[in-house]
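Each chain, written out:
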Amino acid sequence: MRLLISIILTFSIFPTFGQDFEIVKSDSIVDKLKIDSIKIVETYTLDNFDYYIGWYENGNQKDYGLRLYVYNPKGNLIYKSNSFMDSYTHSLTFFKSDKNPEQTIILGHSSNEYSWGNEVYLLKDGKFNHIGLLDVGTFDPMDMPWDISSYTNIWTETNGLKFTFSYDSLTYNPGGKNERILKKEQIEYKYEEGQLKEKIKN
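Described below are features of the structure shown in this document.

Before going further, it helps to examine the nonpolar core. Judged by nonpolar contacts, the single largest core of 21 residues is most densely connected at I105, V120, L134, F163, F165, I187 and Y189. Sorting the residues of this core by element identifies β7 (103-111), β8 (115-124), β9 (127-134), β12 (160-165), β13 (169-172) and β15 (187-192) as the ones contributing at least two each. In contact with V120, not counting residues within four places along its chain, are I105, I106, L107, N129, H130, I131, G132, L134, F163 and L196. Grouped together as the second largest cluster of nonpolar side chains are 16 residues, Y44, L46, Y51 and L123 included.

Put into structure tokens, the structure is as follows:
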């Protein structure tokens, strides 16, 4: 009896841990916001937060490329990314959890001819932050590395979050000097104490 009470208390005090984040569908914004000198190329809206991907039409050599702009439900700009320079894309994938409704995790896929990995953003209690990079893409011997977001599993852990992958073979650091091929079991990322860190197993 005491053991049963102890188990019940444990699960009532601490959140449930596990792979509880799932991809959710966002909508496009019908009435696009007019941002001075910005060419909007892609829009998303979810939970009354609006996301715009665009670039300066009159940008210079040091200030060009796509950027992410995020507006809260009051219409206030709460985040503006640095430029993604030569990237052709910054496509967003949204993850939510019924067990952790105060958090939304967003993966932003940058690429040109191949994947540059996914920037990771965390929207929590109305605050939006960039927390790091998942520096991996899919591996296919007949094709270039590509977007890993739909093969990303996000787990809640005691100290934060864990990111694992369901695609069998991965390209680590695609296009970079440390590029190599890994099995999905060889790499994971953990977000703890405000930092996203990779763990690679030999």
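Burial of β8 is extensive: 8 of the 10 residues sit out of reach of the surface. The loop that links β7 with its antiparallel partner β8 comprises 3 residues. Here 7 bridges tie β8 to β9, and the two strands are oriented antiparallel to one another. When the sheet's bridge partners are listed, K124 is paired in β9 with K127.

Strand order in the open sheet made by the 3 strands is β10-β13-β14, with antiparallel pairing throughout. Every other strand in the sheet has two partners, leaving β10 (136-138) and β14 (180-183) as the edge strands with one partner each. In this sheet, adjacent strand axes meet at a mean angle of 40° when their direction is disregarded. The sheet contact formed by β13 and β14 spans 4 bridges and is antiparallel. When the sheet's bridge partners are listed, L170 is paired in β14 with L182.

Attention now goes to the pattern of salt bridges. Where side chains of opposite charge bring their charged atoms close, a pairing between them can arise. Summed over the entire model, instances satisfying the criterion amount to 5 salt bridges. K162 is paired through a salt bridge with E157; the nearest N and O atoms lie 3.8 Å apart. For K162, a relative accessible area of 19% puts it in the buried group. Accessibility expressed as a relative area gives 21% for E157, which makes it partly exposed. Put simply, K190 and E157 hold a salt bridge, and the shortest N to O gap is 3.5 Å. Here K190, found in strand β15, pairs with E157, found in strand β11 (residues 152-157); they are 33 residues apart in sequence, far enough to count as distant. Here the salt bridges share partners, and the residues they tie into one network are E157, K162 and K190.

Turning to the side chain of T138, a few remarks are in order. Along the polypeptide, T138 turns up in strand β10. Look past the residues within four positions of T138 in its chain and what remains in contact with it is P145, W146, D147, I148, Y151, Y167, S169 and T171.

Conventions used here
Residues numbered from 1 in each chain as written. Predicted model: local features only at pLDDT ≥ 70, side-chain atom pairs only at ≥ 80, totals over all residues. Heavy atoms only, no water. Core = buried A, V, L, I, M, F, W, Y, C linked by side-chain atoms within 4.5 Å. Buried < 20%, exposed > 50% of the residue type's maximum accessible area, 1.4 Å probe, protein only. Helix = DSSP H or I, 4+ residues; strand = E, 2+ residues; numbered from the N terminus. Contact = heavy atoms within 4.5 Å. Pairing = 2+ DSSP bridges. Axes fitted to C-alpha atoms, helices over the stretch in contact; angles between N-to-C directions. Salt bridge = Lys/Arg side-chain N within 4 Å of Asp/Glu carboxyl O.

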